[in-house]
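Observations on chain architecture
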Amino acid sequence: MSDKKVFTDSGIEIKNLYTAADIPSSAHSEQPGAFPYTRGVQADMYRGKLWTMRQYAGFSTAEESNKRYHYLLSQGVMGLSVAFDLPTQIGYDSDHALSEGEVGKVGVAIDSIEDMQILFKGITLEQISTSMTINATGYILLSLYVALAKQQGADLKKISGTIQNDILKEYAARGTYIYPPKPSMRIITDIFEWCSKELPKWNTISISGYHIREAGSTAVQEIAFTLSNGKAYVQAALEKGLDINVFGKRLSFFFNAHNNLFEEVAKFRAARRMWAKMMKDLGATDPKAMMLRFHTQTGGSTLTAQQPLNNVARVTVQTLAAVLGGTQSLHTNGFDEALSLPTEQAAKLALRTQQIVAFESGAADTVDPLAGSYYVESLTQEVEEAAWRLIEKIDAMGGSVSAIEQGFIQDEIAKSAYDYQRQIESTEKIIVGVNKFQSEETNDTPVFKIDDSIRVIQTQKLQALRSKRDAANHTAALEAIRSAAVENRNIMPHVIDAVEKLATLGEIADVLRDLYGEYKS
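Here the structure is a predicted model, which means the values were calculated and not measured.

**Description of the overall build of the protein**
Per the secondary structure count, the protein includes 19 helices and eleven strands. Relative to a compact globule of 521 residues, whose C-alpha radius of gyration would be 24 Å, the protein shows 23 Å and is just as compact. Structurally, the protein occupies a C-alpha span of about 80 × 60 × 45 Å along its principal axes. Counting all 521 residues of the protein, 58% fall into the buried class. Once local pairs closer than 6 in sequence are excluded, the contacts in the protein between residues at least 24 apart make up 78%. Summing over all exposed atoms, the protein offers an accessible surface of approximately 20,700 Å²; the carbon and sulfur share of this is 51%.

Now the structure itself:
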């Protein structure tokens, strides 16, 4: 028998053989749809309703993105997922000096309510679910979406979707923050409070492990840091006097799916069990407030520019991991995304990958199909135990906000990223087509390019908007946001009023930028 040692990407040693003795005793009695939800949040899982098939899209102008949305909807997408450009993410209008070279590049440019009207032209907001990947300016984009829904005559009680709105992972892993941590947390709890009354079907935060993993964390670190961040949001909301059984139902999560199929399935199962226990300890009594519901995206950082068609196989494995792990919503990456934004052909193939897994593979036919596997049950337990050890360290530092301020989480991610890269360079870890099985290739994969003229178009739109709005109403609306923030009143009604008075995203972001300052890491 081989004495070679094998480890998961999280450093968990894999035994040569697993038997019934390796299954934790709790696994025998756990049922899907019941606490602690290891086996899934619905009793019948995909027999009752398939996961929502989303495709993340947004580029260039609102007009161009709108065309892609209509195309995706025609191909069977069940929910839209909006990508925003960097200026929109960090609160600058397209004509700001710091926006130059970035307008419309990694997502769609949204400066005002007029861009939002164009983005969703011909799409009834009551009839779709929209996920928006936006954090520091999440309160503004949600206000724009609500203002548009009101213009459409929608019943706000029926509007569904998610804003990412997870600022802690921005400080730890991604970097598109504006304000310091404490005022940022205050904005987030304002959103929780306002939505619990006015937008009850909206997921007010998508606590995100995705970007933590993309920055180089392991699977164990991804759930430990994400759940620890989730705990910090819950504690901030409790300190504000909000009811955990109300806002707890609208918390959702966003995880990554990488290539180690069994570790990923174990990660999703462990995360559900851990969150249920955590919420119960924090005082939740409503079962729905203890359920970890999550969106998954396949791993962007796993895609290779070398032999890009190999990415089709990677995305398929990752799709299976998400489905076997019980995801509620899924985005599959295009095979060409290591080269550019996805082409229409790549986006369609990515969606078809989900549809083939859903309708042809049998993976959706029964609940939690890998439950009872000696290996998967044991690995679920080991992932959970390792993640709890990390959370205990963070708790000892005073929680996620303190751990981020002390640089602990950032340093742990950086160490893991370094170790992973070292393993690739030493060929300890094989990446097909990159450090083994290379071939001479001429890359003829079509790439999707964004023209720099987008900034000119957006600037012209902004000039026209500013020239036609009522200056006194606009100024008063911005001043009302400032006053609410200073007096510690909820800012959301005032931000919605400001976008309706044609205030721009950059102007609203600047009100709080002037008040709170900018965070410097």
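**Overview of the pattern of salt bridges**
Per the stated rule, a full pass over the model turns up 37 salt bridges. Among the ionic pairs, E500 bridges to K150, the shortest N-O distance being 3.0 Å. Of this pair, E500 sits in helix 18 (residues 492–500) while K150 sits in helix 4 (residues 138–151), and the two are 350 residues apart along the sequence. Salt-bridge contacts for E412 lead to K415; the nearest nitrogen and oxygen are separated by 3.3 Å. A residue pair is termed a helical-turn pair when its members lie 3 or 4 positions apart in one helix, as E412 and K415 do in helix 15 (residues 408–425) at three residues. Via salt bridges that share partners, D93, D95, R466, R469 and E507 belong to a single interconnected network.

**Brief notes about the packing of helix 13 (residues 374–396) against helix 15**
Where helix 13 meets helix 15, the closest approach of the two axes is 11 Å, and the angle between their N-to-C directions is 145°. Judged by residue contacts, L390, K393 and I394 of helix 13 engage F408, I409 and E412 from helix 15. Partitioned by chemical class, the residues of the contact of helix 13 with helix 15 number four nonpolar, no polar and two charged.

**Notes on the environment of A509**
Within the secondary structure, A509 is located in helix 19 (residues 505–516). Here A509 falls in the buried class, since its relative accessible area comes to 0%. Through-space distance from the C-alpha of A509 to that of T137 is 7.0 Å; in sequence the pair is 372 residues apart. Those residues in contact with A509, other than ones at most four positions away along the chain, are G91, Y139, I140 and Y179.

**Examining the side chain of T189**
Position of T189 relative to the elements: it lies in helix 6 (residues 181–198). For T189, the side chain forms a polar contact with the main-chain oxygen of R186, separated by 2.9 Å. Excluding anything up to four places from it in sequence, T189 contacts A236, A237, K240 and L242.

**Description of the side chain of T130**
Tracing the sequence through the fold places T130 in strand 5 (residues 129–132). What makes T130 buried here is its relative accessible area of 0%. Only 2.7 Å separates the side chain of T130 from the side chain of Y145, close enough to count as a polar contact. Discounting residues that sit within four places of it in the chain, T130 has contacts with R54, L80, V82, F120, Y145, S160, G161, T162 and W202.

**What to know about the packing of helix 10 (residues 261–281) against helix 11 (residues 310–324)**
The geometry of helix 10 relative to helix 11 is characterised by a closest axis approach of 8 Å and an angle of 30° between their N-to-C directions. In terms of orientation, helix 10 and helix 11 fall into the roughly parallel class. For the pair helix 10 and helix 11, the crossing hand works out as right-handed. Counted together, L261, E264, V265 and F268 of helix 10 and V317, L320, A321, A322 and L324 of helix 11 form the full contact between these two elements. Classifying every residue of the contact of helix 10 with helix 11 by side-chain character gives eight nonpolar, no polar and one charged.

**Things to note about the nonpolar core**
Soluble globular proteins tend to pack their nonpolar side chains together in the buried interior. Formed by 120 residues in total, the largest nonpolar core has its most connected members in M116, F120, M132, Y139 and I508. Non-local contacts of M132, meaning those with residues more than four positions away in its chain, are made with V82, F84, M116, L141, L142, Y145, T162, I163, Q164 and W202. Formed by 21 residues, the second largest nonpolar core is a distinct cluster that contains Y71, V323, V357 and A358.

**Considering unusual backbone geometry**
Following F35, the chain continues to P36 via a peptide bond in cis, the omega torsion being 5°. Of note, Q307 is a non-glycine position whose phi angle comes to about 45°, a positive value. The residue Q307 is located in the loop between strand 10 (294–298) and helix 11 in this model. Judged by relative accessible area, which is 16%, Q307 ranks as buried. We note that T427 has phi near 60°; this positive angle belongs to a residue other than glycine. Within the secondary structure layout, T427 lies in the loop between helix 15 and helix 16 (454–468).

**Some remarks on the pairing of strand 10**
In terms of residue burial, strand 10 counts as a mostly covered element, since five of its five residues are buried. Burial of the side chains of strand 10 extends over both faces: F294, T296 and T298 are buried on one face and H295 and Q297 on the other. Pairing analysis gives five bridges linking strand 9 (residues 251–257) to strand 10, with the strands arranged parallel. Bridge pairing in strand 10 places F253 opposite F294. Between the parallel pair strand 9 and strand 10, the chain is carried across by helix 10, and the sense of this crossover is right-handed.

The rules behind the values
- Residues numbered from 1 in each chain as written.
- Predicted model: local features only at pLDDT ≥ 70, side-chain atom pairs only at ≥ 80, totals over all residues.
- Heavy atoms only, no water.
- Helix = DSSP H or I, 4+ residues; strand = E, 2+ residues; numbered from the N terminus.
- Rg over C-alpha atoms; globule rule 2.2 N^0.38 Å.
- Buried < 20%, exposed > 50% of the residue type's maximum accessible area, 1.4 Å probe, protein only.
- Contact = heavy atoms within 4.5 Å.
- Areas by Shrake-Rupley, 256 points an atom, 1.4 Å probe, with all protein chains shown as cover.
- Salt bridge = Lys/Arg side-chain N within 4 Å of Asp/Glu carboxyl O.
- Axes fitted to C-alpha atoms, helices over the stretch in contact; angles between N-to-C directions.
- Nonpolar A, V, L, I, M, F, W, Y, C, P; charged D, E, K, R; others polar.
- Polar contact = N/O pair within 3.5 Å; in protein donor to acceptor, adjacent residues only side chain to side chain.
- Parallel < 35°, antiparallel > 145°, perpendicular 65-115°, else oblique.
- Left-handed = near helix turned anticlockwise from the far one by under 90°.
- Core = buried A, V, L, I, M, F, W, Y, C linked by side-chain atoms within 4.5 Å.
- Pairing = 2+ DSSP bridges.
- Right-handed = clockwise from strand over helix to strand, strands pointing away.

Honestly, it's all geometry; don't read function into it.
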